[in-house]
Amino acid sequence: MSASVITPRSMEAIKATNPTMQVVVKPAHEASDVPSVLCPRIAPLPTGGDDRDKQQDKKQRKGQNKKRPRDAKCSESPLCLGLIRNNKCPWDDCKFNHDIATVLKDRPADIGEQCVIFEKFGSCPFGVNCRWGLSHIDPETGENKFRDGAPPADFDMGVKNSFRVQTQKALRSRRYPFFYERNTPPDKFQPTLALWGGRILPKPPKVAPLNVSKRDPDDVIEAMTKEYEIRVAAAKKEYDQTLLEFEKKRAEAQSKTPFPKKTRKLIDFENKVYIAPLTTVGNLPFRRIMKKFGADITCSEMALCANILQGQASELALLKRHEDEDVFGVQLAGGFADQFSRCAELIEKENLEVDFIDMNCGCPLDLVCDKGGGSAMMQKANKLKAAVIGMGNVFSGPITIKMRTGWDEKKPFAAKLTRQIQSWGLPNIAAVMVHGRSRTQRYSRLADYDYIGQVGAAMDRGAKEDMCRRIPLIPNGDVMSYVDFEERKRAGVSNTAMLARGALIKPWLPTEIKERRHWDISATERLDMLKEFVNFGLEQWGSDKQGINTTRRFLLEWQSFLHRYIPVGCIAEGNVPQRMNERPPLFVGRSDLETLMASDNSADWVKLSELLLGKVDDDFKFEPKHKANSYAKQDRDGDGGGGGGGRVEG
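For the protein, the name recorded in an unreviewed UniProt entry is tRNA-dihydrouridine(47) synthase [NAD(P)(+)], with Triparma verrucosa as its organism. Under the UniProt heading Cofactor (unreviewed entry), the note attached to the protein is "FMN".

Undergrad: Sorry if this is basic, but what is going on with the overall build of the protein here?
TA: Summing up its helical and strand segments, the protein has 23 helices and 13 strands in all. Burial statistics for the protein: of 650 residues in total, 52% are counted as buried. Looking at the protein alone, contacts between residues at least 24 apart form 75% of all its contacts between residues at least 6 apart. With the model as given, the accessible surface of the protein reaches about 31200 Å², and the carbon-plus-sulfur share is 51%.

Undergrad: Looking at this structure, I do not really get the UniProt feature "zinc finger region: C3H1-type" (unreviewed entry) in the protein. What am I missing?
TA: The feature "zinc finger region: C3H1-type" (unreviewed entry), as annotated in UniProt, sits at residues 114-139 in this numbering. As annotated, residues 114-139 comprises 23% helix and 0% strand, and the C-alpha atoms at either end are separated by 15 Å.

Undergrad: What should I look at first to understand the pattern of salt bridges in this one?
TA: When charged atoms on two side chains of opposite charge get close, those side chains can pair. Enumeration according to the criterion identifies 33 salt bridges in this entry. Where arginine 164 meets glutamate 350, a salt bridge forms, and the shortest distance between an N and an O atom there is 3.3 Å. Highlighted residues: arginine 164 in the loop between β2 (159-160) and α6 (165-172) and glutamate 350 in the loop between α11 (337-349) and β8 (356-361), separated in sequence by 186 residues. Relative accessible area serves as the criterion here: at 48%, arginine 164 is assigned to the partly exposed category. Residue class for glutamate 350 comes out buried when judged on its relative accessible area of 15%. In this structure, glutamate 512 and lysine 506 form a salt bridge, with 2.9 Å as the shortest nitrogen-oxygen distance. Each member of the pair, glutamate 512 together with lysine 506, is buried.

Undergrad: Whenever I open this one, the pairing of strand β10 (residues 429-435) confuses me. Can you help?
TA: Successive side chains on a regular strand alternate, one facing one side of the sheet and the next facing the other. Burial of β10 is extensive: seven of the seven residues sit out of reach of the surface. With six bridges joining them, strand β9 (residues 399-404) and β10 adopt parallel strand pairing. Paired with arginine 404 across the strands is histidine 435, a residue of β10. Note on the crossover from β9 through helix α14 (residues 414-423) to β10: the handedness is right-handed. Note that β10 and strand β11 (residues 473-476) share four bridges and pair parallel. For valine 434, the partnering residue across the bridge sits in β11 and is proline 475.

Undergrad: For this particular structure, what's the right way to read the nonpolar core?
TA: Across soluble globular proteins, nonpolar side chains have a tendency to be buried as a group. Phe269, Met403 and Trp558 are the most contacted members of the largest nonpolar core, which totals 136 residues. With seven residues, the next largest nonpolar core counts Ile84, Ile100, Val128 and Ile137 among its residues.

Undergrad: I would appreciate a short explanation of unusual backbone geometry in the present structure.
TA: A negative phi angle is the norm for most residues apart from glycine, just as the trans form is the norm for most peptide bonds. Here the residue pair valine 576 and proline 577 is connected by a cis peptide bond, since its omega of 5° sits within 30 degrees of zero. The phi dihedral of arginine 174 is positive, around 60°, even though this residue is not glycine. Residue position: arginine 174 is located in the loop between α6 and α7 (218-254). You can call arginine 174 exposed: its relative accessible area is 64%. Positioned with a positive phi, asparagine 351 is a non-glycine residue whose angle comes to about 55°. On the secondary structure map, asparagine 351 appears in the loop between α11 and β8.

How each quantity is defined
- Each chain has its residues counted from 1, following the order in which its sequence is written.
- The model is predicted, so local features are restricted to residues of pLDDT at least 70 and side-chain atom pairs to those at 80 or more, both for listing and for counting; the totals for chains, interfaces and linings are taken over all residues.
- As a convention, hydrogens and water are excluded, and side-chain values are obtained from all of the structure's heavy atoms.
- UniProt positions are given in the numbering used here, feature names are shortened, and annotations may be inferred rather than shown by experiment.
- Helix numbers and strand numbers start at the N terminus; a helix is a DSSP run of H or I with at least 4 residues, a strand a run of E with at least 2.
- Exposure classes here rest on a 1.4 Å probe applied to the protein chains alone. A residue is buried below 20% of its type maximum, exposed above 50%, and partly exposed in between.
- Contacts between residues were defined by any pair of non-hydrogen atoms, one from each residue, lying within 4.5 Å.
- Reported accessibility uses the Shrake-Rupley method at a 1.4 Å probe radius. Residues are deemed covered only where the shown protein chains occlude them.
- For salt bridges, the criterion is a side-chain nitrogen of Lys or Arg within 4 Å of an Asp or Glu carboxyl oxygen.
- Strand pairing requires that DSSP identify at least two bridges connecting the strands.
- With the strands aimed away from the viewer, a crossover counts as right-handed if its path from the first strand over the helix to the second runs clockwise.
- The set of buried Ala, Val, Leu, Ile, Met, Phe, Trp, Tyr and Cys residues whose side-chain atoms join them within 4.5 Å is what this entry labels a nonpolar core.

Next comes the structure, spelled out in structure tokens:
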């Protein structure tokens, strides 16, 4: 770990000295051709010139890659799970295979000598199917071994928020007893005394605004200003008395309010490092890595309300949390107030350990927006308010709202919307997050922090004029170093480092921000980080073949971002730090491993994964789930293999 003390560059200086917006590396690391350690590039097939090809090409440039190769479900070993885990079948009429001798005969060679799950927990629930199985099974009989001599009564890996089978069945059959019915209109959502123990505040009295003109005489302006101040003071006194009376009524009613049963405080995001919701790559093992590097608050991947309410196992799994995550939130996306409210009620009734719920009002994907969710929710203030009230009536934790500057960059309206949200006076809103881009921008061009500053100023004025609580405003976008974080601070904006793509490219970014330094991390340290991610992945998804395939896929998805990092020691003097919108050039690292990690060819990413998870099958192929606009052209020109990144920030 070495720190580099470097004078920060402004964006104006970057544009003046580097009009191509590409990272400038030291002459010793420049490369005019592909280094020999990397796999050869394969040019893409030529495309036709008809309209259909152009439309498909346009879709790909927007980040859609639905036809990427997928893993087939592993049909290996339909063995009885009881036999695999505990060496005996607990069922009398078990329909699964019990011929463990045949499985042992056809079992492939182990990937390594020591099973990380067995080493850490003293037993491995994957038994003979584990690809490191010889460290904990009898090679003759296939029996699973246990460090304590007997199988554990409850195999706990520290993962929380798992749903009961009965709950999943009730959701799928639409028999779960929800408080709110389906398709409840927004006007039916009214604050109740159950909202945070009855702490919904009465609205303050309205005061006629000060109506003066610059053309009026000074004495007239002074007299009218004093009169206005007297009216404001009288209204405030009246409002304070109303609050005292309301507090008495609340104390009486709170003992009679059975729901919600738990009470929680608003979360303080100030001076914290918050890892934003990241689709696909923001999985549980990745969040554990971020905690290791100093992240304070983590959030789940975006979960669709509709899929949760249908009981889809893959969507319910997104709500899982590890015990390492001390402050954890769940991000929900939906187009209707009843969807948000029912999901919040499900979280509360099932006693999931969720510290806050984040409403996604920023996702730019057509799939989400066309159903009224994501960025489309910003245009429906009534539905948004109804959703916050509905969740507050059934969920005892705070709510955060993540949005963009607006639908179109030419007509931003986040300043107006955030002030409107603040004027509602709802006590369960802990913070509002604003990503400095519009929906149509997606992730192109720079995030507009000056406009975020205007949003903060509008919220300051609103808190004073509307006599309401000032809700914290958290900015988001383009932070890739502590210099970026410092440069993007604005008055009226929370001092919170909300990280998304920056954390994917540089997972050690929380450490850099907290220690205010540029970390010239070595390739060996980065490989150790990947090893730890793989170990966390095997714990989460399993050490059998299916679990290895899943871990490898998520590792490769992450590598589509990791390869963009340029080591500090390779960047030319005066060009540190690397910026989010600067594209990495072709360069040679300080070691073969560092060069391999910087490759934009997906074949090299697979090669890197083989160092950690063994060889892939001959027919294995990988393409990232999302492709960023700035990397798509590189692929079409034939000098790149994998692309990288797409919609990652919720």
